[in-house]
Amino acid sequence: MVGVKANTAAKFRLYPTADQAERLVSWSHTCRAVWNIALAQRVWAYGSAQRKTLQAGEQCSELTLARKEHVWLRDLPAQCAQQVLRQLDAAYENFWNPEHPARSPQYKRKSHQQGVTFPGQAVQIRKVSRRMAHVRLPKLGWVRFRLSRPIEGTVRNATIKRDGLGWHVAFGVHRPEPVDRHVNAGPAAGVDVGIACSVFVSTENEGRQRPDTLTAGEKQRLRGLERRMARQLTFAKKHNGGKYSKRLRRTIAQIAVLKARQARRRADWNHKLTDDLAKSHGIVAVEDLKVSNMLRSAKGTVAQPGTNVKQKAGLNRSIADQGWFEIRRQLGYKTRRYGGELVAVAPHGTSQTCARCGTRDSENRQGCGRLFACVHCGHTEHADRNAAINILDRALSTAGRAGCAASGRGTAQSTRSPHGQGSLAGSRMREPSSNVTAA
Ligand SMILES: [Zn+2]
(Lines give C-alpha, C1' and ligand atoms only; values in the text may rest on other atoms or scores of the structure.)
Protein backbone atom coordinates (compact mmCIF):
# COMPACT_ATOMS: atom_id res chain seq x y z
CA MET A 1 0.00 0.00 0.00
CA VAL A 2 2.87 2.37 -0.68
CA GLY A 3 1.91 5.77 -2.01
CA VAL A 4 -1.65 5.65 -0.71
CA LYS A 5 -2.24 8.77 1.28
CA ALA A 6 -4.38 9.07 4.38
CA ASN A 7 -7.68 10.72 3.50
CA THR A 8 -9.33 10.59 6.88
CA ALA A 9 -8.31 10.52 10.50
CA ALA A 10 -9.41 9.03 13.78
CA LYS A 11 -8.35 10.31 17.18
CA PHE A 12 -8.41 8.34 20.41
CA ARG A 13 -7.55 8.80 24.06
CA LEU A 14 -4.17 7.18 24.77
CA TYR A 15 -3.06 5.77 28.12
CA PRO A 16 0.71 5.35 28.18
CA THR A 17 2.40 4.07 31.34
CA ALA A 18 4.53 6.55 33.29
CA ASP A 19 7.70 5.26 31.61
CA GLN A 20 6.17 5.41 28.15
CA ALA A 21 4.86 8.92 28.81
CA GLU A 22 8.27 10.11 29.93
CA ARG A 23 9.90 8.71 26.80
CA LEU A 24 7.22 10.25 24.59
CA VAL A 25 7.77 13.66 26.18
CA SER A 26 11.49 13.42 25.53
CA TRP A 27 10.88 12.29 21.94
CA SER A 28 8.50 15.16 21.30
CA HIS A 29 11.23 17.58 22.39
CA THR A 30 13.66 15.84 20.05
CA CYS A 31 11.14 16.16 17.23
CA ARG A 32 10.88 19.85 17.98
CA ALA A 33 14.66 20.17 17.90
CA VAL A 34 14.80 18.36 14.55
CA TRP A 35 12.11 20.71 13.21
CA ASN A 36 13.92 23.83 14.41
CA ILE A 37 17.34 22.71 13.16
CA ALA A 38 16.00 21.59 9.79
CA LEU A 39 14.08 24.85 9.41
CA ALA A 40 17.15 26.92 10.31
CA GLN A 41 19.13 24.95 7.73
CA ARG A 42 16.52 25.62 5.04
CA VAL A 43 16.33 29.30 5.87
CA TRP A 44 20.11 29.52 5.71
CA ALA A 45 20.35 27.57 2.44
CA TYR A 46 17.71 29.77 0.84
CA GLY A 47 19.44 32.93 2.03
CA SER A 48 22.83 31.79 0.76
CA ALA A 49 24.30 32.84 -2.59
CA GLN A 50 23.05 29.68 -4.33
CA ARG A 51 19.44 30.25 -3.18
CA LYS A 52 19.07 26.57 -2.54
CA THR A 53 15.74 25.01 -1.60
CA LEU A 54 16.34 22.07 0.70
CA GLN A 55 13.91 19.20 0.89
CA ALA A 56 13.32 16.25 3.16
CA GLY A 57 15.29 13.88 0.93
CA GLU A 58 18.61 15.70 1.31
CA GLN A 59 18.08 16.45 4.97
CA CYS A 60 17.28 12.79 5.69
CA SER A 61 20.79 11.72 4.71
CA GLU A 62 22.27 14.41 6.97
CA LEU A 63 20.01 13.18 9.72
CA THR A 64 21.53 9.71 9.41
CA LEU A 65 25.00 11.20 9.98
CA ALA A 66 23.82 13.30 12.91
CA ARG A 67 22.23 10.26 14.55
CA LYS A 68 25.65 8.58 14.72
CA GLU A 69 26.98 11.52 16.73
CA HIS A 70 24.21 12.36 19.17
CA VAL A 71 22.71 9.92 21.65
CA TRP A 72 19.57 11.99 22.24
CA LEU A 73 18.85 12.05 18.52
CA ARG A 74 19.51 8.31 18.26
CA ASP A 75 16.93 7.59 20.94
CA LEU A 76 14.14 8.93 18.72
CA PRO A 77 13.13 6.30 16.14
CA ALA A 78 14.62 7.30 12.78
CA GLN A 79 11.24 7.14 11.05
CA CYS A 80 9.82 9.77 13.41
CA ALA A 81 12.62 12.21 12.64
CA GLN A 82 12.08 11.61 8.93
CA GLN A 83 8.38 12.31 9.40
CA VAL A 84 9.29 15.70 10.92
CA LEU A 85 11.24 16.58 7.78
CA ARG A 86 8.28 15.55 5.65
CA GLN A 87 5.99 17.70 7.78
CA LEU A 88 8.33 20.60 7.15
CA ASP A 89 8.00 19.94 3.42
CA ALA A 90 4.22 20.06 3.81
CA ALA A 91 4.44 23.27 5.86
CA TYR A 92 6.36 24.94 3.04
CA GLU A 93 3.92 23.61 0.48
CA ASN A 94 1.00 25.13 2.40
CA PHE A 95 2.87 28.38 2.78
CA TRP A 96 3.39 28.67 -0.98
CA ASN A 97 -0.22 27.76 -1.68
CA PRO A 98 -2.20 31.03 -1.94
CA GLU A 99 -5.42 29.20 -1.03
CA HIS A 100 -4.04 28.08 2.29
CA PRO A 101 -3.96 30.33 5.34
CA ALA A 102 -0.65 28.95 6.63
CA ARG A 103 2.08 31.43 7.50
CA SER A 104 5.71 30.69 6.77
CA PRO A 105 6.97 27.74 8.83
CA GLN A 106 7.82 28.92 12.32
CA TYR A 107 10.33 27.86 14.93
CA LYS A 108 8.63 25.96 17.74
CA ARG A 109 8.97 27.03 21.33
CA LYS A 110 9.42 24.67 24.20
CA SER A 111 5.78 25.17 25.18
CA HIS A 112 4.61 24.02 21.74
CA GLN A 113 2.62 20.80 21.87
CA GLN A 114 4.82 18.94 19.44
CA GLY A 115 3.58 15.50 18.55
CA VAL A 116 5.52 12.41 17.60
CA THR A 117 4.48 10.92 14.26
CA PHE A 118 5.13 7.34 13.23
CA PRO A 119 4.67 6.04 9.70
CA GLY A 120 2.01 3.38 9.20
CA GLN A 121 4.52 0.56 8.67
CA ALA A 122 6.00 1.18 12.12
CA VAL A 123 2.76 0.77 14.07
CA GLN A 124 0.56 -2.21 14.75
CA ILE A 125 -2.91 -2.26 16.29
CA ARG A 126 -4.64 -5.01 18.23
CA LYS A 127 -8.02 -4.99 19.86
CA VAL A 128 -8.06 -6.27 23.42
CA SER A 129 -11.68 -5.75 24.38
CA ARG A 130 -14.83 -4.13 23.09
CA ARG A 131 -13.63 -0.67 24.02
CA MET A 132 -9.87 -0.94 24.48
CA ALA A 133 -7.07 -1.57 22.02
CA HIS A 134 -3.28 -1.49 21.94
CA VAL A 135 -1.03 0.28 19.49
CA ARG A 136 2.52 -1.01 19.13
CA LEU A 137 5.07 1.76 18.77
CA PRO A 138 8.78 1.31 17.99
CA LYS A 139 10.95 1.10 21.12
CA LEU A 140 7.90 1.61 23.36
CA GLY A 141 5.95 -1.58 22.86
CA TRP A 142 2.20 -1.81 23.28
CA VAL A 143 0.39 1.33 24.44
CA ARG A 144 -3.24 1.23 25.53
CA PHE A 145 -5.85 3.42 23.90
CA ARG A 146 -9.62 3.69 24.07
CA LEU A 147 -11.22 2.41 20.88
CA SER A 148 -14.19 4.80 20.93
CA ARG A 149 -15.07 4.01 17.31
CA PRO A 150 -13.90 1.50 14.72
CA ILE A 151 -10.91 2.29 12.52
CA GLU A 152 -12.05 1.62 8.96
CA GLY A 153 -9.31 1.51 6.35
CA THR A 154 -5.53 1.26 6.22
CA VAL A 155 -3.55 3.07 8.89
CA ARG A 156 -0.99 5.30 7.15
CA ASN A 157 0.47 7.08 10.15
CA ALA A 158 -0.01 7.62 13.86
CA THR A 159 0.64 10.82 15.79
CA ILE A 160 0.95 10.88 19.55
CA LYS A 161 0.20 14.18 21.19
CA ARG A 162 -0.50 15.56 24.61
CA ASP A 163 -2.71 18.51 25.42
CA GLY A 164 -4.18 19.87 28.64
CA LEU A 165 -6.60 16.97 28.82
CA GLY A 166 -4.13 14.13 28.38
CA TRP A 167 -2.56 11.95 25.71
CA HIS A 168 -4.12 11.20 22.36
CA VAL A 169 -3.25 9.13 19.34
CA ALA A 170 -4.48 10.24 15.92
CA PHE A 171 -4.35 7.72 13.11
CA GLY A 172 -4.18 8.93 9.54
CA VAL A 173 -6.32 6.40 7.70
CA HIS A 174 -6.75 5.70 4.03
CA ARG A 175 -10.31 4.72 3.24
CA PRO A 176 -10.95 3.75 -0.39
CA GLU A 177 -13.56 5.90 -2.15
CA PRO A 178 -16.73 3.95 -2.94
CA VAL A 179 -16.88 2.92 -6.61
CA ASP A 180 -20.47 3.89 -7.35
CA ARG A 181 -21.14 6.85 -5.14
CA HIS A 182 -24.74 7.65 -4.47
CA VAL A 183 -25.83 11.17 -5.33
CA ASN A 184 -27.19 13.30 -2.56
CA ALA A 185 -30.66 14.37 -3.71
CA GLY A 186 -31.04 16.96 -0.97
CA PRO A 187 -31.72 20.62 -1.76
CA ALA A 188 -29.02 23.17 -2.51
CA ALA A 189 -28.05 25.62 0.17
CA GLY A 190 -25.96 28.76 0.32
CA VAL A 191 -23.94 29.21 3.47
CA ASP A 192 -22.79 32.57 4.75
CA VAL A 193 -20.18 32.40 7.45
CA GLY A 194 -19.93 35.57 9.46
CA ILE A 195 -18.87 37.20 12.66
CA ALA A 196 -22.12 38.44 14.18
CA CYS A 197 -23.89 35.21 13.43
CA SER A 198 -21.65 32.19 13.06
CA VAL A 199 -23.38 30.58 10.11
CA PHE A 200 -26.47 31.43 8.10
CA VAL A 201 -27.95 28.79 5.79
CA SER A 202 -30.16 30.09 2.96
CA THR A 203 -32.83 27.46 3.59
CA GLU A 204 -33.24 28.46 7.22
CA ASN A 205 -34.91 31.44 8.82
CA GLU A 206 -32.49 31.84 11.66
CA GLY A 207 -28.73 31.83 11.89
CA ARG A 208 -26.79 29.18 13.73
CA GLN A 209 -24.71 30.71 16.45
CA ARG A 210 -21.99 28.70 18.08
CA PRO A 211 -22.59 28.75 21.82
CA ASP A 212 -19.90 30.06 24.11
CA THR A 213 -17.10 27.56 24.39
CA LEU A 214 -16.67 28.24 28.09
CA THR A 215 -19.31 28.55 30.79
CA ALA A 216 -19.47 31.74 32.85
CA GLY A 217 -17.72 29.99 35.72
CA GLU A 218 -14.97 28.66 33.48
CA LYS A 219 -14.42 32.10 31.99
CA GLN A 220 -14.07 33.59 35.42
CA ARG A 221 -11.63 30.88 36.42
CA LEU A 222 -9.61 31.41 33.25
CA ARG A 223 -9.38 35.14 33.93
CA GLY A 224 -8.20 34.45 37.47
CA LEU A 225 -5.64 31.89 36.33
CA GLU A 226 -4.28 34.25 33.67
CA ARG A 227 -3.88 36.99 36.24
CA ARG A 228 -2.11 34.56 38.54
CA MET A 229 0.20 33.48 35.72
CA ALA A 230 1.09 37.09 34.92
CA ARG A 231 1.91 37.70 38.58
CA GLN A 232 4.02 34.57 38.84
CA LEU A 233 5.85 35.40 35.61
CA THR A 234 6.75 38.86 36.91
CA PHE A 235 7.99 37.30 40.13
CA ALA A 236 10.07 34.73 38.24
CA LYS A 237 11.71 37.44 36.17
CA LYS A 238 12.39 39.70 39.13
CA HIS A 239 13.55 37.28 41.80
CA ASN A 240 14.22 33.96 40.14
CA GLY A 241 16.29 34.82 37.09
CA GLY A 242 13.39 33.91 34.82
CA LYS A 243 13.23 30.35 36.12
CA TYR A 244 9.69 28.95 36.25
CA SER A 245 8.53 27.88 39.69
CA LYS A 246 6.54 24.71 40.32
CA ARG A 247 3.48 26.82 41.08
CA LEU A 248 3.81 28.71 37.81
CA ARG A 249 4.02 25.44 35.93
CA ARG A 250 0.88 24.25 37.69
CA THR A 251 -0.95 27.45 36.72
CA ILE A 252 0.13 26.99 33.11
CA ALA A 253 -1.14 23.40 33.16
CA GLN A 254 -4.49 24.53 34.61
CA ILE A 255 -4.87 27.12 31.87
CA ALA A 256 -4.00 24.46 29.29
CA VAL A 257 -6.88 22.29 30.53
CA LEU A 258 -9.38 25.08 29.96
CA LYS A 259 -7.93 25.95 26.55
CA ALA A 260 -7.98 22.32 25.48
CA ARG A 261 -11.60 22.00 26.59
CA GLN A 262 -12.44 25.13 24.64
CA ALA A 263 -10.72 23.85 21.51
CA ARG A 264 -12.52 20.53 21.80
CA ARG A 265 -15.94 22.16 22.12
CA ARG A 266 -15.22 24.42 19.15
CA ALA A 267 -14.15 21.45 17.02
CA ASP A 268 -17.21 19.50 18.14
CA TRP A 269 -19.56 22.27 17.02
CA ASN A 270 -17.76 22.68 13.70
CA HIS A 271 -17.96 18.97 13.00
CA LYS A 272 -21.65 18.73 13.84
CA LEU A 273 -22.38 21.74 11.66
CA THR A 274 -20.45 20.56 8.61
CA ASP A 275 -21.78 17.02 8.98
CA ASP A 276 -25.34 18.28 9.09
CA LEU A 277 -24.86 20.59 6.10
CA ALA A 278 -23.14 17.95 3.98
CA LYS A 279 -25.59 15.20 4.86
CA SER A 280 -28.78 17.03 3.97
CA HIS A 281 -27.77 19.08 0.93
CA GLY A 282 -26.92 18.12 -2.64
CA ILE A 283 -25.01 21.35 -3.18
CA VAL A 284 -23.40 23.46 -0.51
CA ALA A 285 -22.34 26.89 -1.75
CA VAL A 286 -19.82 29.00 0.14
CA GLU A 287 -17.93 32.19 -0.52
CA ASP A 288 -14.50 31.61 -2.00
CA LEU A 289 -12.83 33.70 0.65
CA LYS A 290 -9.10 33.81 0.63
CA VAL A 291 -8.81 33.51 4.36
CA SER A 292 -5.08 34.10 4.21
CA ASN A 293 -5.58 37.41 2.41
CA MET A 294 -8.22 38.50 4.86
CA LEU A 295 -5.97 37.71 7.77
CA ARG A 296 -2.95 39.45 6.31
CA SER A 297 -4.15 42.38 4.27
CA ALA A 298 -4.47 44.92 7.05
CA LYS A 299 -0.83 45.37 7.87
CA GLY A 300 0.25 46.59 4.44
CA THR A 301 3.91 47.24 3.68
CA VAL A 302 6.40 49.82 4.92
CA ALA A 303 5.92 51.84 1.75
CA GLN A 304 2.15 51.43 1.81
CA PRO A 305 0.97 51.04 5.38
CA GLY A 306 -2.48 49.55 5.73
CA THR A 307 -5.46 51.42 7.06
CA ASN A 308 -7.58 50.46 10.03
CA VAL A 309 -4.93 48.02 11.18
CA LYS A 310 -6.28 47.94 14.73
CA GLN A 311 -9.88 47.34 13.71
CA LYS A 312 -8.81 44.75 11.19
CA ALA A 313 -6.76 43.00 13.84
CA GLY A 314 -9.92 42.64 15.91
CA LEU A 315 -11.81 41.27 12.92
CA ASN A 316 -8.93 38.92 12.15
CA ARG A 317 -9.12 37.45 15.60
CA SER A 318 -12.82 36.81 15.13
CA ILE A 319 -12.31 35.24 11.72
CA ALA A 320 -9.52 33.05 12.98
CA ASP A 321 -11.63 32.14 15.98
CA GLN A 322 -14.57 31.09 13.88
CA GLY A 323 -12.33 28.66 12.06
CA TRP A 324 -13.57 29.51 8.57
CA PHE A 325 -10.87 27.62 6.87
CA GLU A 326 -11.54 24.54 8.93
CA ILE A 327 -15.27 24.67 8.20
CA ARG A 328 -14.55 24.96 4.49
CA ARG A 329 -12.06 22.12 4.61
CA GLN A 330 -14.52 19.85 6.40
CA LEU A 331 -17.32 20.75 3.99
CA GLY A 332 -15.02 19.77 1.13
CA TYR A 333 -14.51 16.17 2.17
CA LYS A 334 -17.86 15.68 3.84
CA THR A 335 -19.91 16.77 0.83
CA ARG A 336 -17.87 14.27 -1.20
CA ARG A 337 -18.50 11.60 1.38
CA TYR A 338 -22.26 12.14 1.34
CA GLY A 339 -22.50 12.41 -2.45
CA GLY A 340 -23.01 16.14 -2.54
CA GLU A 341 -20.86 18.93 -3.85
CA LEU A 342 -19.19 22.02 -2.48
CA VAL A 343 -19.20 25.08 -4.75
CA ALA A 344 -17.10 28.14 -3.98
CA VAL A 345 -18.33 31.38 -5.54
CA ALA A 346 -16.84 34.85 -5.93
CA PRO A 347 -17.50 36.73 -2.71
CA HIS A 348 -17.68 40.24 -4.16
CA GLY A 349 -20.65 42.19 -2.96
CA THR A 350 -22.74 39.30 -1.67
CA SER A 351 -23.64 41.36 1.37
CA GLN A 352 -24.60 44.49 -0.60
CA THR A 353 -26.59 42.89 -3.41
CA CYS A 354 -30.32 42.54 -3.10
CA ALA A 355 -31.38 38.91 -3.36
CA ARG A 356 -34.75 39.86 -4.83
CA CYS A 357 -33.99 42.47 -7.51
CA GLY A 358 -30.26 41.84 -7.87
CA THR A 359 -29.05 45.45 -7.64
CA ARG A 360 -25.86 46.09 -5.79
CA ASP A 361 -25.74 49.23 -3.69
CA SER A 362 -23.70 50.01 -0.60
CA GLU A 363 -26.72 52.01 0.61
CA ASN A 364 -28.52 48.71 1.07
CA ARG A 365 -26.68 48.27 4.32
CA GLN A 366 -27.45 51.24 6.50
CA GLY A 367 -25.68 51.39 9.82
CA CYS A 368 -24.02 48.44 11.46
CA GLY A 369 -27.12 46.33 12.18
CA ARG A 370 -27.88 42.96 10.69
CA LEU A 371 -30.76 44.34 8.62
CA PHE A 372 -30.63 44.41 4.86
CA ALA A 373 -32.96 46.94 3.24
CA CYS A 374 -32.90 47.35 -0.54
CA VAL A 375 -33.15 51.01 -1.56
CA HIS A 376 -34.48 50.03 -5.00
CA CYS A 377 -37.25 47.54 -4.39
CA GLY A 378 -37.75 47.91 -0.66
CA HIS A 379 -36.94 44.26 0.05
CA THR A 380 -35.92 43.70 3.68
CA GLU A 381 -34.23 40.63 5.06
CA HIS A 382 -31.71 39.51 7.64
CA ALA A 383 -28.43 40.64 6.08
CA ASP A 384 -26.73 37.27 6.45
CA ARG A 385 -29.69 35.38 4.98
CA ASN A 386 -29.69 37.80 2.06
CA ALA A 387 -25.99 37.04 1.54
CA ALA A 388 -26.56 33.29 1.84
CA ILE A 389 -29.24 33.43 -0.88
CA ASN A 390 -26.89 35.45 -3.11
CA ILE A 391 -24.18 32.86 -2.61
CA LEU A 392 -26.58 30.09 -3.55
CA ASP A 393 -27.77 31.95 -6.66
CA ARG A 394 -24.23 32.46 -7.83
CA ALA A 395 -23.43 28.81 -7.34
CA LEU A 396 -26.52 27.68 -9.22
CA SER A 397 -26.08 30.10 -12.11
CA THR A 398 -22.65 28.73 -12.97
CA ALA A 399 -21.52 25.55 -14.69
CA GLY A 400 -24.74 24.47 -16.32
CA ARG A 401 -27.01 25.00 -13.37
CA ALA A 402 -28.65 28.14 -14.75
CA GLY A 403 -31.98 26.34 -14.92
CA CYS A 404 -32.43 26.26 -11.19
CA ALA A 405 -31.24 29.77 -10.47
CA ALA A 406 -34.77 31.12 -10.69
CA SER A 407 -36.13 28.59 -8.24
CA GLY A 408 -33.00 28.81 -6.17
CA ARG A 409 -34.52 30.91 -3.43
CA GLY A 410 -34.06 28.46 -0.66
CA THR A 411 -35.65 25.28 -1.96
CA ALA A 412 -33.79 24.64 -5.20
CA GLN A 413 -33.30 21.04 -6.23
CA SER A 414 -30.11 19.75 -7.69
CA THR A 415 -30.36 19.02 -11.42
CA ARG A 416 -27.15 17.11 -11.71
CA SER A 417 -26.92 13.85 -13.57
CA PRO A 418 -26.26 10.89 -11.31
CA HIS A 419 -22.66 10.39 -12.35
CA GLY A 420 -21.55 13.97 -12.28
CA GLN A 421 -20.35 16.13 -15.13
CA GLY A 422 -16.85 17.01 -16.11
CA SER A 423 -17.47 20.68 -15.55
CA LEU A 424 -18.41 20.11 -11.94
CA ALA A 425 -15.03 18.79 -11.01
CA GLY A 426 -13.47 22.17 -11.69
CA SER A 427 -15.60 23.84 -9.08
CA ARG A 428 -14.24 21.78 -6.25
CA MET A 429 -12.61 23.70 -3.48
CA ARG A 430 -8.94 24.47 -3.67
CA GLU A 431 -8.81 24.32 -7.41
CA PRO A 432 -8.55 27.40 -9.61
CA SER A 433 -12.02 28.86 -9.35
CA SER A 434 -11.95 30.83 -12.62
CA ASN A 435 -14.90 28.96 -14.09
CA VAL A 436 -16.93 29.54 -10.96
CA THR A 437 -16.14 33.16 -10.36
CA ALA A 438 -17.76 34.08 -13.67
CA ALA A 439 -21.02 34.62 -11.84
ZN1 LIG B 1 -33.94 45.00 -4.27
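This one's a predicted model, so the numbers in the text were calculated from it and none came from an experiment. (Residues numbered from 1 in each chain as written. Predicted model: local features only at pLDDT ≥ 70, side-chain atom pairs only at ≥ 80, totals over all residues.)

Undergrad: Can you help me understand the overall build of the protein in this one?
TA: Per the secondary structure count, the protein includes 11 helices and 13 strands. Within the protein, buried positions represent 28% of all 439 residues. Relative to all contacts within the protein whose residues are 6 or more apart in sequence, the contacts with residues 24 or more apart total 63%. (Helix = DSSP H or I, 4+ residues; strand = E, 2+ residues; numbered from the N terminus. Buried ≥ 20, exposed ≤ 12 C-beta atoms within 10 Å, placed from the backbone. Contact = placed C-beta atoms within 7 Å.)

Undergrad: For this particular structure, what's the right way to read the packing of helix α1 (residues 18–47) against helix α4 (residues 78–96)?
TA: When two helices pack together, their arrangement is captured by the angle between the axes and the distance separating the axes. Orientation of α1 relative to α4, taken along the N-to-C sense of each, is 45°, at an axis distance of 9 Å. The angle between the axes of α1 and α4 places the two elements in the oblique class. Of the two possible hands of crossing, α1 and α4 adopt the one that is right-handed. Here Trp 27, Cys 31, Val 34, Trp 35, Ala 38 and Leu 39 of α1 come into contact with α4, specifically with Cys 80, Ala 81, Val 84, Leu 85 and Leu 88. By residue class, the composition of the contact of α1 with α4 is 11 nonpolar, no polar and no charged. (Axes fitted to C-alpha atoms, helices over the stretch in contact; angles between N-to-C directions. Parallel < 35°, antiparallel > 145°, perpendicular 65-115°, else oblique. Left-handed = near helix turned anticlockwise from the far one by under 90°. Nonpolar A, V, L, I, M, F, W, Y, C, P; charged D, E, K, R; others polar.)

Undergrad: What's the story with the environment of Arg 42 in this structure? I'm lost.
TA: Inspection of the secondary structure puts Arg 42 in helix α1. Given 21 C-beta atoms within a 10 Å radius, Arg 42 is considered buried. Along the primary structure Arg 42 and Leu 54 are separated by 12 residues, whereas in three dimensions their C-alpha atoms are 5.6 Å apart.

Undergrad: What exactly am I supposed to notice about α1 here?
TA: Taking 1.5 Å per residue, 30 residues should reach 44 Å; α1 reaches 44 Å between its end C-alpha atoms and fits that length. Taken together, the buried residues of α1 touch α2 (56–69), α3 (71–75), α4, β2 (116–119), β5 (141–146) and β6 (154–163). (Expected span 1.5 Å × (residues − 1).)

Undergrad: What should I look at first to understand the nonpolar core in this one?
TA: Side chains of nonpolar character tend, in soluble globular proteins, to be buried together. In this structure, Val 191, Val 284, Ala 285, Ile 391 and Leu 392 are the most contacted members of the largest nonpolar core, which totals 34 residues. Elements represented by at least two residues in this core include exactly β8 (188–193), β9 (199–201), α6 (246–280), β10 (283–287), α9 (324–337), β11 (341–345) and α10 (383–396). Sort the elements by how many residues they give to this core and α10 lands first, with 8 residues. Filtering out sequence-adjacent residues up to four positions away, Ala 285 remains in contact with Ala 188, Gly 190, Val 191, Val 343, Val 345, Ile 391, Leu 392 and Ala 395. (Core = buried A, V, L, I, M, F, W, Y, C linked by C-beta atoms within 7 Å.)

Undergrad: For this particular structure, what's the right way to read the confidence of the model for the protein?
TA: Here the protein averages 82 in pLDDT, and 81% of its residues register 70 or above. Taken together, the stretch residues 297–304 has pLDDT below 50 and engages in 11 contacts with residues farther than four places along the chain or on a different chain. Predicted confidence is poor over residues 402–439, with pLDDT under 50, and the contacts of this stretch with residues over four places away or in other chains come to 66 contacts. (pLDDT = per-residue confidence, 0-100.)

Undergrad: What is the right way to read the pairing of strand β4 (residues 132–137) from this model?
TA: Working note: regular strand, side chains alternate between the two faces of the sheet. Of the two faces of β4, only one is covered, namely that formed by Ala 133, Val 135 and Leu 137; the face formed by Met 132, His 134 and Arg 136 stays uncovered. Examined bridge by bridge, strand β3 (residues 124–127) and β4 share 4 bridges and lie antiparallel to one another. Within β4, the residue paired with Arg 126 across the bridge is His 134. Connecting β3 to the antiparallel partner β4 that follows it, the hairpin turn spans 4 residues. Bridge analysis of β4 against β5 gives 6 bridges, and the strand direction is antiparallel. The partner of Met 132 across the bridge, within β5, is Arg 146. Here β4 folds back onto β5 in antiparallel fashion, the turn holding 3 residues, of which Lys 139 has a positive phi close to 70°. (Pairing = 2+ DSSP bridges.)

Undergrad: I would appreciate a short explanation of the sheet that holds β6 in the present structure.
TA: Where strands meet in a sheet, backbone hydrogen bonds hold them as pairs that are either parallel or antiparallel. Across the sheet, 7 strands lie side by side as β2-β6-β7-β1-β5-β4-β3; this open sheet has antiparallel pairing. Whereas interior strands pair on both sides, the edge strands pair on one side only; in this sheet they are β2 and β3. Taking the axes of each pair of neighbouring strands and ignoring which way they run, one obtains an average angle of 30° across the sheet. Sheet analysis places β6 next to strand β7 (residues 166–174), joined by 9 bridges and oriented antiparallel. When the sheet's bridge partners are listed, Ile 160 is paired in β7 with Val 169.

Undergrad: Looking at this model, I keep getting lost on the packing of α6 against α9. Mind explaining?
TA: The geometry of α6 relative to α9 is characterised by a closest axis approach of 9 Å and an angle of 40° between their N-to-C directions. The pairing of α6 with α9 is recorded here as oblique in orientation. With respect to the hand of their crossing, α6 and α9 are arranged in right-handed fashion. Contact residues: Asn 270, His 271, Thr 274, Asp 275, Leu 277 and Ala 278 in α6; Glu 326, Ile 327, Gln 330, Leu 331, Lys 334, Thr 335 and Arg 337 in α9. For the contact of α6 with α9, the residue count by class is 4 nonpolar, 5 polar and 4 charged.

Undergrad: Explanation requested: the sheet that holds β10 in the structure shown.
TA: Across the sheet, 4 strands lie side by side as β9-β8-β10-β11; this open sheet has mixed pairing. Of all the strands in the sheet, the pair left with one neighbour each is β9 and β11. In this sheet, adjacent strand axes meet at a mean angle of 25° when their direction is disregarded.

Undergrad: How do you make sense of the pairing of β6 when you look at a structure like this?
TA: Examined bridge by bridge, β2 and β6 share 4 bridges and lie antiparallel to one another. Note on β6: the bridge partner recorded for Phe 118 is Ala 158.

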